[in-house]
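Spelled out from the first residue to the last, the chains are:
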Amino acid sequence: MITAYITHPDCQLHHMGPEHPESPLRLEAIRARLMLSGVLQQTMQSEAREATEEQLARVHPLRHLRALDKCVPEHGIVTLDSDTMMNPDSLKAARVAAGAVARGVDQVFRHQADNVFCAVRPPGHHAEASDAMGFCFYNNVAVGAAHARAKYGARRIAILDFDVHQCNGTIDIFKDDPEVLVCTSFQFPFYPWRYLRSEWQNVVNTPLPAGTDSAAFRQAIEDDWLPALHAFKPEIVLVSAGFDAHREDPMAELCLEDEDYHWITHMALEIAALYADGRLVSVLEGGYDLDSLGRCAEAHLKALLGLPFGD
């Protein structure tokens, strides 16, 4: 299979201070691990392009985009909320991150790649239609979904999010949208403290108690996600790939292992193969322990490439 690896050097320009866990070191850790293992060299590497205002405005109102633009500092760092800060280059990085997913959607619909991983930051899945929060400015996966619908006429779009935090932003944007199915697993009760008990028909919530291990995680995914996905029959599968449910991650208390990320990626690929001509685009969300982040990204990419976990 041809797996595209999309990134951009501008993603490194965004930083929120020396102590902030969502740092440029995250992408460096992923790239170093993938190069060391030889996995990166097996991908088709390409560079992201900035998302256009038209692409962003499909999921974020123009007034919100303008308000964000006005927040950008000339120098230093400004605080948007308790954990989300902006430097002069933050929105440049965010536009590239969102644009990467749109480019990935282009590649799978044009048969230039079978599947795609977007190694970008800042993450996006907490960004609501009119609210930047949780380290996120634009909702990258939502921009990709809206692009698939607007440009390629996709009418059944699945978004799978296995980050340790629920994708409140993605839910906010697509709640009650019958053309988008959102499946989200997350530690509960936990940040973001909203939409956690959402009852929308197109949202599959899989709350997991602290301490959840591999076996319980896999069982919950099979019980909750698979019936919904088989009933929905997506035309494209988008993945919000957060690796912070790993047992070594300091941000939460789930206990997943490296191999779980290979397993769930393989499961997503099987759904894509059945219903979506293999089309799958994944984008990085969380993951803050640099060592486990690199290993989990390697497991994810191995599955995308069709390689066994232990190879």
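Keep in mind it's a predicted model, so treat the numbers as computed, not measured. (Residues numbered from 1 in each chain as written. Predicted model: local features only at pLDDT ≥ 70, side-chain atom pairs only at ≥ 80, totals over all residues. Heavy atoms only, no water.)

For the rest of this paragraph, the subject is the layout of surface pockets. Roughly 180 Å³ of internal volume is contained in the largest pocket. As for the largest pocket, its lining consists of Y5, T7, H8, P9, Q12, L27, E28, R31, A32, S46, E47 and A119. Contributions of two or more residues to the lining of the largest pocket are made by β1 (3-7), α1 (25-37) and β2 (44-47). Looking at the lining of the largest pocket residue by residue, the class counts come to 5 nonpolar, 4 polar and 3 charged. (1 Å grid on protein atoms, 1.4 Å probe; cavity = no way out; pocket = protein on both sides within 12 Å on 5 of 7 lines; lining within 4 Å. Points joined across faces, edges and corners; volume = space filled by probe spheres on them. Helix = DSSP H or I, 4+ residues; strand = E, 2+ residues; numbered from the N terminus. Nonpolar A, V, L, I, M, F, W, Y, C, P; charged D, E, K, R; others polar.)

Of all 6 residues that make up strand β9 (residues 236-241), 6 are buried, and the element is covered over most of its length. Alternating positions in β9 separate into two faces, I236, L238 and S240 on one and V237, V239 and A241 on the other, with burial throughout. Taken together, the 5 bridges between strand β6 (residues 157-161) and β9 define a ladder with parallel strand orientation. Looking at β9, one finds that I157 is bridged to I236. With 5 bridges joining them, β9 and strand β10 (residues 280-284) adopt parallel strand pairing. Within β10, the position partnered with S240 by the bridge is V283. Since β9 and β10 lie parallel, the crossover through helix α8 (residues 258-275) that links them has a hand, and here it is right-handed. (Buried < 20%, exposed > 50% of the residue type's maximum accessible area, 1.4 Å probe, protein only. Pairing = 2+ DSSP bridges. Right-handed = clockwise from strand over helix to strand, strands pointing away.)

So, on to the UniProt feature "domain: Histone deacetylase" (unreviewed entry) in the protein. Taking the UniProt record as the reference, the feature "domain: Histone deacetylase" (unreviewed entry) is found at residues 20-304. The span residues 20-304 shows a helical share of 42% and a strand share of 16%, and its end C-alpha atoms are spaced 30 Å apart. (UniProt positions renumbered as here; feature names shortened; annotations may be inferred.)

On the secondary structure map, T206 appears in strand β8 (residues 203-208). Of the polar contacts made by the side chain of T206, one reaches the side chain of D224; its length is 2.9 Å. Looking at T206, its side chain comes within polar contact range of the side chain of W225, at 3.0 Å. Apart from the residues lying within four places of it in its own chain, the contact partners of T206 are T184, S185, F186, A220, D224 and W225. (Polar contact = N/O pair within 3.5 Å; in protein donor to acceptor, adjacent residues only side chain to side chain. Contact = heavy atoms within 4.5 Å.)

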